[in-house]
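Residues per chain are reported as follows:
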Amino acid sequence: MAESEMETRGQRFLRQRQVLFLFVFLVGSLAGSESRRYSVAEEKERGFLIANLAKDLGLSVGELAARGAQVVCKGNKQHFQLNHQTGDLLLHEKLDREELCGPTEPCILHFQIVLQNPLQFIPKELQVIDINDHSPDINDHSPVFPTKEMLLKIPENSQPGAIFPLKLAQDLDVGSNGLQKYTISSNSHFHVLTRNHSEGKKYPDLVQDKALDREEQPEFSLTLIALDGGSPPRSGTLTVRILIMDVNDNAPEFVHTPYEVQVLENSPLDSPVLTVLAKDIDAGNFGRVSYGLFQASDEIRQTFSINEVTGEIRLTKKLDFEKIKSYQVEIEATDGGGLSGKGTVVIEVLDVNDNAPELTISSLTSSIPENAPETVVSIFRIRDRDSGDNGKMICSIPDNLPFILKPTFKNFYTLVTESPLDRESRAEYNVTITVTDLGTPRLKTQHNITLLVSDVNDNAPAFTQTSYTLFIQENNSPALHIGSVSATDRDAGANAQVTYSLLPPQDPHLPLASLVSINADNGHLFALRALDFEALQAFEFRVGATDRGSPALSSQALVRVQVLDANDNSPFVLYPLQNGSAPCTELVPRAAEPGYLVSKVVAVDGDSGQNAWLSFQLLKATEPGLFGVWAHNGEVRTARLLSERDAAKHRLLVLVKDNGEPPLSASVTLHVLLVDGFSQPYLPLPEAAADPAQADPLTVYLVIALASVSSLFLFSVLAFIAVRLCRRSRAGWVGGCSVPEGHFPGHLVDVNGTGTLSQSYQYEVCMMGEPGNGEFKFLKPIFPNLLVQDSEKEMKENPNWRNSFVFS
């Protein structure tokens, strides 16, 4: 067990030693080398060599300069200088050990050597000592007293053995060179005792050796000597003057008592009141008398002062006869020995006219309602503390105010209104009440009363305009601020607080509550939903402004909202209809002249103004140059003579565009068929019918392919084809016409005679199923709704209906 414990201690010691070595290594790498202490005697001249740093640091002179060696001291003083050429560390100035360290021993100056590349700090120390005698200090300072002379007063009845402290000397040196003892010049009455203090300081005490007699020797002049322990010793001296004080056995006595004097209450400050006199039969200091106030109250001390030497009493505070009519001042005369005598001074204050009239408000109404009859504003009292004519007073107010003064009981007055007041004309009055006495000079007092006229709700709100016109672009965002109305009320407070509201519209069908709203506090108007110019172009309503008075007053204003059109409607093509039904084909005889009216594109725009101005343009044609579209009326006309080489079937794409910003457009497709005459029209089969015809060869090929596999299957296919052919031949003899679905809205049809055909007449062209035969029929006028129903019925009955053409 002991061996294990010893082994554990050994391991711990090894670890501690390793840590210690590591710490020493780190400190050495940071500091560069251990701190070294130099020494120098104080008072050495500037340039004194301390040491050669290059040798101490183990560096060459060139390396010391290359690494930018610097000497850094504490504080701002630079005590050293480094010669980079020789590596010597020199004194930059004389060193005074007492100035640097004072009584501290030893006196050490710390500094550092800073090297760069790499950065290295090397701490150094310099001890200021005396190298010759190895003393930490040289005796270069003498003891010094704070003054050259001191005065000591000792009463003649002082007993032997009494101790009197003297002033001590200061010595900047330390140790044995410091202050050691005190001595005093030879005499028969006193000697000096040197006392050691706990802080190391030495204090001198004067000790009385024998009794004193002022009449035998009233004064002593001794020299106190302070000696240090230097070799040779230095000393300092202090002259001690000792005055033997006489014993006081007589008290001062006043010549007159009591003193009486009269003073005007308006006497200026610092004016003399009276000079008192007291005598003391003692000699010297005991015979000199000083004066003062004896047990005086604070009021007396604040009002009067007495000269300690002359006994003159002066005024230090203004007198007030109405407050204090007389003062009884107790005074005291004290001699140099402390004995005193008492006296009395009676000061009577004489009255003068120095009080201005006083005005005291008993009741005051700071606010009265307008339009009120005669109302009491204030009740007040006036007085003057003076008497006679100085106490008589005159009370008045300005003449240009609607108020009057009425005297009531003794010196009480009442301020009342002369007539009803109007707050809107003047909301505030400043009434100055002036009270003047009849003294000489006359004194007056003024008091200002501020009277507020409270509001009565006698003014209705007034709009800044009788009517407002607001403009709003259609398709606006909900809750859009569209404008404001404003009303003002000449009243004040709650009577002037205006609340805005929407009044019920005169038109009961106008949904005003869903169109606009108004902010009740500021009159801002907001659109509640998006407006549509095409549905509602303008509307009017009335706005009310109501104050919060009691009773409340209100007024109205008319608001007209004008909805501005936006280009939000594309052109709508009335003819030809593009509703997905069978296309309408226009017939043009091949013998038509240039400019022949083929058809007319009829379109409208739901917008207004330039947003509804329409223009027409031919975008695409089967044969360019054959047809043209007039830009302003949409008429489609032939551009040249037709020839046999022109194709029989033409497809025209017409663009209809409005003049809005940005412009909106719509397109319509026209089918034109060139015929030799209206009696034998040649109508090619529609493209939709070509698909079944093209399917026959494919079926045949399929049947042939299948026939090689199965004759039974071939027979079935041939039978199916025969049935189809029979049905087709039967359907070719059945005639029928169709009209495009739908009808033109009544408000979209152009019936102004501008070239657009009326809706009242429609014509049907019915074509036979066979491509070689056709028939053109003129039918009676029909109504669109009936036509749609009939056409739907006939199309259900005749699925092979090829084409229909509508002229309007």
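What you see is a predicted model, and the numbers here were worked out from it, not measured in a lab. (Residues numbered from 1 in each chain as written. Predicted model: local features only at pLDDT ≥ 70, side-chain atom pairs only at ≥ 80, totals over all residues. Heavy atoms only, no water.)

A word on the overall build of the protein
Phase 1: When helices and strands are counted, the protein shows nine helices and 51 strands.
Phase 2: Relative to its 808 residues, the protein shows a buried fraction of 38%.
Phase 3: Of the accessible surface of the protein, which amounts to about 45,900 Å², a share of 54% is contributed by carbon and sulfur atoms. (Helix = DSSP H or I, 4+ residues; strand = E, 2+ residues; numbered from the N terminus. Buried < 20%, exposed > 50% of the residue type's maximum accessible area, 1.4 Å probe, protein only. Areas by Shrake-Rupley, 256 points an atom, 1.4 Å probe, with all protein chains shown as cover.)

Examining the packing of aromatic side chains
Phase 1: Under the definition given, this model contains ten aromatic pairs.
Phase 2: For the pair F304 and Y327, a centre-to-centre distance of 5.1 Å together with 85° between the ring planes defines the contact as edge-to-face. Taken together, the residues F304 in strand β20 (residues 304-306) and Y327 in strand β22 (residues 326-335) connect sequence positions 23 residues apart.
Phase 3: Note on F304: relative accessible area 2%, which makes it buried.
Phase 4: Between F403 and Y429 the ring centres are 5.5 Å apart and the planes differ by 85°, which places this aromatic pair in the edge-to-face class. Taken together, the positions of F403 in strand β28 (residues 403-407) and Y429 in strand β30 (residues 428-437) put the pair 26 residues apart, joining distant regions of the chain. The two residues F403 and Y429 agree in class, both being buried. (Phe/Tyr/Trp six-rings, centres within 6.5 Å; stacked < 30°, edge-to-face > 60°.)

What about the pattern of salt bridges?
Phase 1: Applying the stated rule across the entire model yields 19 salt bridges.
Phase 2: A salt bridge links D205 to R195; the shortest N-O distance between them is 2.5 Å. Of this pair, D205 sits in strand β12 (residues 202-208) while R195 sits in strand β11 (residues 190-196), and the two are ten residues apart along the sequence.
Phase 3: Across the pair E374 and K406 runs a salt bridge, and its minimum N-O distance is 3.1 Å. (Salt bridge = Lys/Arg side-chain N within 4 Å of Asp/Glu carboxyl O.)

Things to note about the confidence of the model for the protein
Any residue range with low pLDDT should be treated as having predicted coordinates unsuitable for detailed reading.
Phase 1: Scored by pLDDT, the protein has a mean of 78; 78% of the residues are at 70 or more.
Phase 2: Within the model, pLDDT remains below 50 along residues 131-136, and this stretch shows nine contacts once partners closer than five positions in the same chain are excluded.
Phase 3: Note on residues 731-808: pLDDT is under 50 here. Beyond four places in sequence and across chains, it has 125 contacts. (pLDDT = per-residue confidence, 0-100. Contact = heavy atoms within 4.5 Å.)

Side note on the sheet that holds strand β8 (residues 149-155)
Phase 1: Taken in spatial order, the four strands of this open sheet run β8-β14-β13-β10, and their pairing is mixed. The open sheet is flanked by β8 and β10 (179-184), the only strands paired with a single partner. Averaged over neighbouring strand pairs, the angle between their axes works out to 25° when direction is ignored. (Pairing = 2+ DSSP bridges. Axes fitted to C-alpha atoms, helices over the stretch in contact; angles between N-to-C directions.)

A word on the environment of G549
Phase 1: One can find G549 in the loop between β39 (538-547) and β40 (554-564).
Phase 2: Remark: the alpha-carbon pair of G549 and G493, spanning 56 residues in sequence, is separated by 8.9 Å.
Phase 3: The residues contacting G549, other than those within four sequence positions of it, are N457, A494 and N495.

Observations concerning the pairing of strand β5 (residues 88-91)
Phase 1: Burial of β5 is two-sided: the residues D88 and L90 facing one way and the residues L89 and L91 facing the other way are all buried.
Phase 2: Where strand β2 (residues 49-52) meets β5, three bridges bridge the pair, whose relative direction is antiparallel. Within β5, the position partnered with L49 by the bridge is L90.
Phase 3: Of the pairings in the sheet, the one linking strand β4 (residues 80-82) to β5 comprises three bridges and is antiparallel in character.

Notes on unusual backbone geometry
Phase 1: Between T440 and P441 the backbone carries a cis peptide bond, its omega angle lying at -5°.
Phase 2: Counting through the fold element by element, P441 comes out in the loop between β30 and β31 (444-454).
Phase 3: Between E661 and the following residue, P662, the backbone shows a cis peptide bond with an omega angle of 0°.
Phase 4: One can find P662 in the loop between β48 (649-658) and β49 (665-675).
Phase 5: Positive phi, close to 45°, is recorded for Q295, a residue that is not glycine.
Phase 6: The topology assignment puts Q295 in the loop between β19 (289-293) and α5 (298-303).
Phase 7: Of note in the backbone geometry, N475 takes a positive phi value of approximately 65° without being a glycine.
Phase 8: Relative to the helices and strands, N475 is located in the loop between β33 (467-473) and β34 (480-484).
Phase 9: Judged by relative accessible area, which is 43%, N475 ranks as partly exposed.

Quick notes on the sheet that holds strand β43 (residues 597-600)
The pairing of strands in a sheet comes from backbone hydrogen bonds and takes either a parallel or an antiparallel form.
Phase 1: Strand order in this open sheet of three strands is β43-β47-β46, and the pairing throughout is antiparallel. Each edge of the open sheet carries a strand with a single partner, namely β43 and β46 (627-629). Neighbour-to-neighbour, the strand axes of the sheet open up by a mean angle of 20°, direction not taken into account.
Phase 2: Sheet topology places β46 next to strand β47 (residues 635-638); three bridges connect them, and they run antiparallel. The residue of β47 that forms the bridge with V629 is V636.

A word on the environment of G544
Phase 1: Mapped onto the secondary structure, G544 falls in strand β39.
Phase 2: Along the chain, G544 and S555 lie eleven residues apart, while their C-alpha atoms are 5.7 Å from each other.
Phase 3: Dropping the residues within four chain positions of it, G544 is found in contact with F463, T499, Y500, S501, L503 and S555.

Re the side chain of D205
Phase 1: Here D205 falls in the buried class, since its relative accessible area comes to 5%.
Phase 2: Separated by 2.5 Å, the side chains of D205 and R195 make a polar contact.
Phase 3: In this structure D205 touches I163, F164, P165, H191, V192, L193 and R195, once residues within four positions along its chain are discounted. (Polar contact = N/O pair within 3.5 Å; in protein donor to acceptor, adjacent residues only side chain to side chain.)

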